Amino acid sequence: MKVLSHNLCTVLNVPHDPVALEEHFRDDDEGPVSNQGYMPYLNKFILEKVQGNFDKVEFNRMCWTLCAKKNLSKSLLLISDEDAFKVWVIFNFLSEDKYPLIIVPEEIEYFLKKLTEAMGAGWQQEQFDHYKVALNTSREGLSAWELIDLIGSGQFSKGMDRQTVSMAINEVFNELILDVLKQGYMLKKGHKRKNWTERWFVLKPNIISYYVSEDLKDKKGDIMLDGNCCVEALPDKDGKKCLFLIKCLDKSFEISASDKKKKQEWIQAIQTTVNLLRGGNPPPHKEARQKRKELRQKLLAEQEELERQMKELQAANENKQKELETVRKQLEAAAARAAEEEKKRLQTQVELQDRFSLELEREKMVRQQMEEQVAQKSSELEQYLQRVRELEEMYKQLQEALEDEKQARQDEETVRKLQARLLEEESAKRAELEKWHLQQQQTIQMTEAEKQELENQRLIKERALQVAMQQLEQLELERKEALEQYEEVKKKLETAANNTKSWKDKVAHHEGLIRLIQPGSKNPHLITNWGPAAFTEAELEQRQKSWKGKKAMSE
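Residues numbered from 1 in each chain as written. Predicted model: local features only at pLDDT ≥ 70, side-chain atom pairs only at ≥ 80, totals over all residues. Heavy atoms only, no water.

Another point: helix α12 (residues 284–352). Taking 1.5 Å of rise per residue, 69 residues should cover 102 Å, and α12 covers 98 Å from first to last C-alpha, within 8% of that figure. At L346, α12 is deflected by roughly 30°, the largest bend along its length. Along α12, the residues classified as buried are H285, R289, R292, K293, R296, L324 and A334. (Helix = DSSP H or I, 4+ residues; strand = E, 2+ residues; numbered from the N terminus. Expected span 1.5 Å × (residues − 1). Bend = angle between axes of the 7 residues up to and from the residue. Buried < 20%, exposed > 50% of the residue type's maximum accessible area, 1.4 Å probe, protein only.)

Below is the structure:
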């Protein structure tokens, strides 16, 4: 017990002093264990100090170690010890809150349906109904070890291999015990390097954890959820599809699912979790378990009330039977007395006929009255028997009404589930239509903006074209003026050349010799479009100033 107490304190994270623990378990009559017994000691020194921040799986595993070796039969089981442990933990979650612990047929049906759904098989309702009838005839429910034998026997998992059954048990264990609402592989965008990495995501009621792989050994981070978080779909970008965004107070996370169905499932699961956090509600499976328990209590109360009414009706029937028996005995006694009196009267009739004629008439009248009373009592008896038959018929009608009510409740539950599914599909379609409408509006706005930008650019280009045309016309005018000036200068040059030639001829004629060509000036000659030495430097500078002034005015 000392080792057990030490292990309990370690698993439950209860602060304890090894020296004090040794004092508690001394071999004398002064320690708390010797004076009070172990159970009061366990409640006072260990269980009352538990804060709730311990690993429940490890606690269950220690309890399993203590009791499994004695109660678990391994000979005919088709599941491993680890799967048997998980079934045992699920039993503790689904069992009734009274000792000895049992799991009722309704919870057995819920657990088996979960397993069948996880294995991907079809639920055999008729087979379970036969099993339920056989179970109800012998006991109220199953113990933990009987439930393990039922799962390990493969009665409801025929055709499935061990691996499939083990994976199904693990999936149900994750949902009911570890509060895993959803899990799977997705791509996550990094916050620093902005790269996409595949991670195994696990959604719980207030946190999303992501790991390197599904063995959950290398944890990479957490996304803390609260009522302020939200999740929204994102359009495809950077070659990634099926994107959605998880917004928290401190940061946001971009996630890419494998397909649109997975994306919608994750968005819906995260939004449902946030809504539960906002309303302060427990996880869905715990809330469903509480509702099933309340429904069983309500049905039990109704059944007890019906049994009480039946007992009252039976007691009233027995009282009526007693009254009828009393009346019958009174009638028999009265008939016996009447017969005795009739006999006496017959014996004395001859002797007293004349003498007691008046008394005879009186006796006849009394007899007539008694017969009337007997007829009246018989009529009352017939009415009472009729009333008893009506009560029996009413009891049968009550039973039929109860069966009809149960069937109506089942039909109502089916219709309610169908309506809930239709509402979910309608909300999903409405959200998708709103998304398409928003994308269409954004596209129209972008198209209008691009159209306005193109119109502005067209106006700017038209203005620039008009300015360029004006400049081109101005340059054309300047070119024509330059050509006119060139023609005038050419004419002047020809005239000057003719004059120079005639002058030289005259000089040569008068002088009688031809003058040799002398070397020209060493100064640099001016070169223009009309040839060398057409203008002086002063004339060229004046023309350049004139051209620059005209060009400035045109601009």
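A word on a negative patch on the surface. Taken together, E393, E400, E403 and D404 make up a surface patch of like negative charges. Summarising the element assignment, D404 is placed in helix α13 (residues 357–511). The exposed category is assigned to D404, whose relative accessible area is 53%. (Patch = residues over 30% accessible without salt bridge, like charges linked within 9 Å, V, L, I, M, F, W, Y side chains within 5 Å. Areas by Shrake-Rupley, 256 points an atom, 1.4 Å probe, with all protein chains shown as cover. Salt bridge = Lys/Arg side-chain N within 4 Å of Asp/Glu carboxyl O. Lys, Arg positive; Asp, Glu negative; His and termini not counted. Charge placed at Lys NZ, Arg CZ, Asp CG, Glu CD.)

Positive phi outside glycine occurs at L216, with the angle close to 60°. With respect to the helices, strands and loops of the structure, L216 is situated in the loop between β3 (207–211) and β4 (219–224). Positive phi, normally seen in glycine, also occurs at D238, with a value near 55°. Tracing the chain through its elements places D238 in the loop between β5 (230–234) and β6 (243–247). Classification of D238 as exposed rests on a relative accessible area of 62%.

What follows concerns the state of the cysteines. Inspection of every chain in the model, using the stated rule, returns zero disulfides. Take C229: it sits in no disulfide, and the sulfur closest to it among the cysteines is that of C248, at 3.5 Å. (Disulfide = S-S within 2.5 Å.)

Let's shift gears to the pattern of salt bridges. Taken as a whole, this structure holds 22 salt bridges when the rule is applied. In this structure, E312 and R308 form a salt bridge, with 2.3 Å as the shortest nitrogen-oxygen distance. With E312 and R308 both in helix α12, this residue pair falls four residues apart, about one helical turn. Between E371 and R367 there is a salt bridge whose closest N-O contact spans 3.6 Å. Of this pair, E371 and R367 both sit in helix α13, four residues apart, which is roughly one turn of the helix. The exposure class assigned to E371 is partly exposed, which follows from its relative accessible area of 46%. In the salt-bridge network here, residues are joined through shared partners; they are E302, E405 and R409.

A few words now on the side chain of T116. When you line up the elements, T116 lands in helix α7 (residues 105–119). For T116, the residues in contact, after removing those within four places along its chain, are A121, G122 and W123. (Contact = heavy atoms within 4.5 Å.)

Here we come to the environment of Q471. Mapped onto the fold, Q471 is located in helix α13. Placed 83 residues apart in sequence, Q471 and S554 show a C-alpha to C-alpha distance of 6.9 Å.

Mapping K182 onto the fold places it in strand β1 (residues 182–189). Looking at K182, its side chain comes within polar contact range of the side chain of E265, at 3.2 Å. Each residue touching K182, except ones within four places of it in the same chain, is listed here: F201, V202, L203, E265, W266 and A269. (Polar contact = N/O pair within 3.5 Å; in protein donor to acceptor, adjacent residues only side chain to side chain.)

Before going further, it helps to examine the pairing of strand β7 (residues 252–256). Extensive coverage of β7 is indicated by the burial of four of its five residues. Where β1 meets β7, two bridges bridge the pair, whose relative direction is antiparallel. Paired with K188 across the bridge in β7 is I255. In terms of strand pairing, β6 meets β7 through five bridges, oriented antiparallel. Of the residues in β7, the one forming a bridge with L243 is S256. Between β6 and β7, which pair antiparallel and follow one another directly, the connecting turn spans four residues. (Pairing = 2+ DSSP bridges.)

What follows is about the confidence of the model for the protein chain. Residues with a pLDDT of 70 or more make up 87% of the protein chain, whose mean pLDDT is 80. A low-confidence stretch, residues 513–518 stays under pLDDT 50, and its non-local contacts, those more than four residues away or across chains, total one contact. (pLDDT = per-residue confidence, 0-100.)

Let us look at the nonpolar core. Core analysis: the biggest nonpolar cluster contains 40 residues, and W64, W88, I108, F111, L147, I148 and I151 have the highest contact counts within it. Elements that contribute at least two residues to this core include exactly α5 (56–71), α6 (81–94), α7, α8 (125–138), α9 (144–152) and α10 (162–176). For this core, the element with the most residues is α6, which contributes nine residues. Look past the residues within four positions of I151 in its chain and what remains in contact with it is V87, F111, L112, L115 and I169. Counting residues in each nonpolar core, the second largest holds 21 residues, with M186, F201, I246 and I270 among its members. (Core = buried A, V, L, I, M, F, W, Y, C linked by side-chain atoms within 4.5 Å.)

Take a nonpolar patch on the surface next. Side chains of L465, M469 and L472 sit close together on the surface and give an oily, nonpolar patch of about 300 Å² of accessible area. With respect to the helices and strands, the residue L465 is situated in helix α13. Here L465 falls in the exposed class, since its relative accessible area comes to 53%.

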